[in-house]
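Chain and residue survey
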Amino acid sequence: MNELKSKLCSIGLFAKFPQTGCVKTRLIPLLGEEGATQFARYLILSFLQRLLSQARTYDWQVNVWYSGGCLADWKNLCKPINLSLSQCLVWQPQLQGHLGQRLSHALKYQLQHSQQAILVGADAIEFNASTVQVMYQHLVHHPLVFVPAHDGGYVAVGATQVQPCVFDASIHWGTHTVLAQSLEHASRHQIQVSLLPAQLDLDTPADFELALSMQLIPNDWATAYA
């Protein structure tokens, strides 16, 4: 193993800085502008709290691939998280370009430092340490693993090596065909893929209400990281 690959697995969170009016805009009719911003903040912090609490136990590296805001803004945002945990984060700005380019770049970076790399969006409210463990086991036998989203995309992707074909510019990023196109490209290049059970990608008021009914969002979410 390359001596740089000091971690078994790295998890990269793709996140946009929670600036009012620019995040979770489809939730504004339900929560209002400030409420939608506060919820975007909650999603980021609760995700990091879930993963960082297990990172040392399982020898994971947690990366934040951020968009918007400067590094000082992000570190200030994360102050409510346990200091000893947040100091373990690796911060990296997202590459410019379409989503596939950004994902491919992030995987390439993480695989320089870990045997397996996983990328996930902050909206993946069901994603937790157990999901990482399952993805890790599947990546032992498959070079590529997806956690589908119910809307036709995917909430997470894991790899043991970069597979450029599944991040190609020809994929209609941001649409309900993303996963199907990615699987088609993988099949064409004879890449074995493992698919895990689908998870909720929280974007709409209906998604929010569903997450509440599934008890994925606590009643005190608005003040959880005050």
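Whatever comes next refers back to the structure up there.
Here the structure is a predicted model, which is why all the values come from computation and not from measurement. (Residues numbered from 1 in each chain as written. Predicted model: local features only at pLDDT ≥ 70, side-chain atom pairs only at ≥ 80, totals over all residues. Heavy atoms only, no water.)

**Considerations on the sheet that holds strand β4 (residues 114-121)**
Spatial strand order, β3-β2-β1-β4-β6-β5-β7: seven strands in an open sheet with mixed pairing. Strand pairing shows two members of the sheet lacking a second neighbour, β3 (90-93) and β7 (193-195), which therefore form its edges. On average, each strand axis in the sheet is inclined to that of its neighbour by 20°, with strand direction left out of account. Alignment of strand β2 (residues 60-67) against β3, held across four bridges, turns out to be parallel. Note that in β3 the partner of W65 across the bridge is Q92. Lying over the sheet, helix α4 (residues 99-110) contacts β1 (7-16), β2, β3, β4 and β6 (154-159), oriented at roughly 150° with respect to β4. (Pairing = 2+ DSSP bridges. Helix = DSSP H or I, 4+ residues; strand = E, 2+ residues; numbered from the N terminus. Axes fitted to C-alpha atoms, helices over the stretch in contact; angles between N-to-C directions. Contact = heavy atoms within 4.5 Å.)

**Here we look at the nonpolar core**
Core analysis: the biggest nonpolar cluster contains 50 residues, and F39, L48 and F127 have the highest contact counts within it. Broken down by element, this core gets its largest block of residues, eleven residues, from helix α1 (residues 28-58). Residues within four places of F39 in sequence aside, it is in contact with L27, L31, L202, F208, I217 and W221. If you look at the next biggest cluster of nonpolar residues, it comprises 22 residues, including L119, L144, L179 and A186. (Core = buried A, V, L, I, M, F, W, Y, C linked by side-chain atoms within 4.5 Å. Buried < 20%, exposed > 50% of the residue type's maximum accessible area, 1.4 Å probe, protein only.)

**Describing the packing of aromatic side chains**
For the coordinates displayed, the defined rule picks out 15 aromatic pairs. Summarising the aromatic geometry, the rings of Y42 and Y225 are spaced 6.0 Å apart at their centres and angled 45° between planes, so their arrangement reads as tilted. A residue pair is termed long-range when its members are at least 10 positions apart, and Y42 in helix α1 and Y225 in the segment after α7 (205-213) qualify at 183 residues. By the burial criterion, Y42 is buried, and Y225 matches it. Taking the centre distance of 6.3 Å and the plane angle of 75° together, the rings of F208 and W221 count as edge-to-face. On the criterion of sequence distance, the pair formed by F208 in helix α7 and W221 in the segment after α7 is long-range, its members being 13 residues apart. Taking the relative accessible area as the measure of exposure, F208 reaches 5% and is therefore buried. Overall, W221 belongs to the buried group, its relative accessible area being 12%. (Phe/Tyr/Trp six-rings, centres within 6.5 Å; stacked < 30°, edge-to-face > 60°.)

**Regarding the pattern of salt bridges**
In this structure the tally under the stated criterion is five salt bridges. The salt bridge partner of K7 is D59, with a shortest N-O separation of 3.5 Å. A residue pair is termed long-range when its members are at least 10 positions apart, and K7 in strand β1 and D59 in the loop between α1 and β2 qualify at 52 residues. R26 serves as the salt-bridge partner of D203, at 3.6 Å between the closest nitrogen and oxygen. Highlighted residues: D203 in the loop between β7 and α7 and R26 in the loop between β1 and α1, separated in sequence by 177 residues. Taken together, the shared-partner salt bridges in this structure form one network comprising K24, R26, D123 and D203. (Salt bridge = Lys/Arg side-chain N within 4 Å of Asp/Glu carboxyl O.)

Bear in mind that shape data such as this cannot, by itself, settle questions of function.
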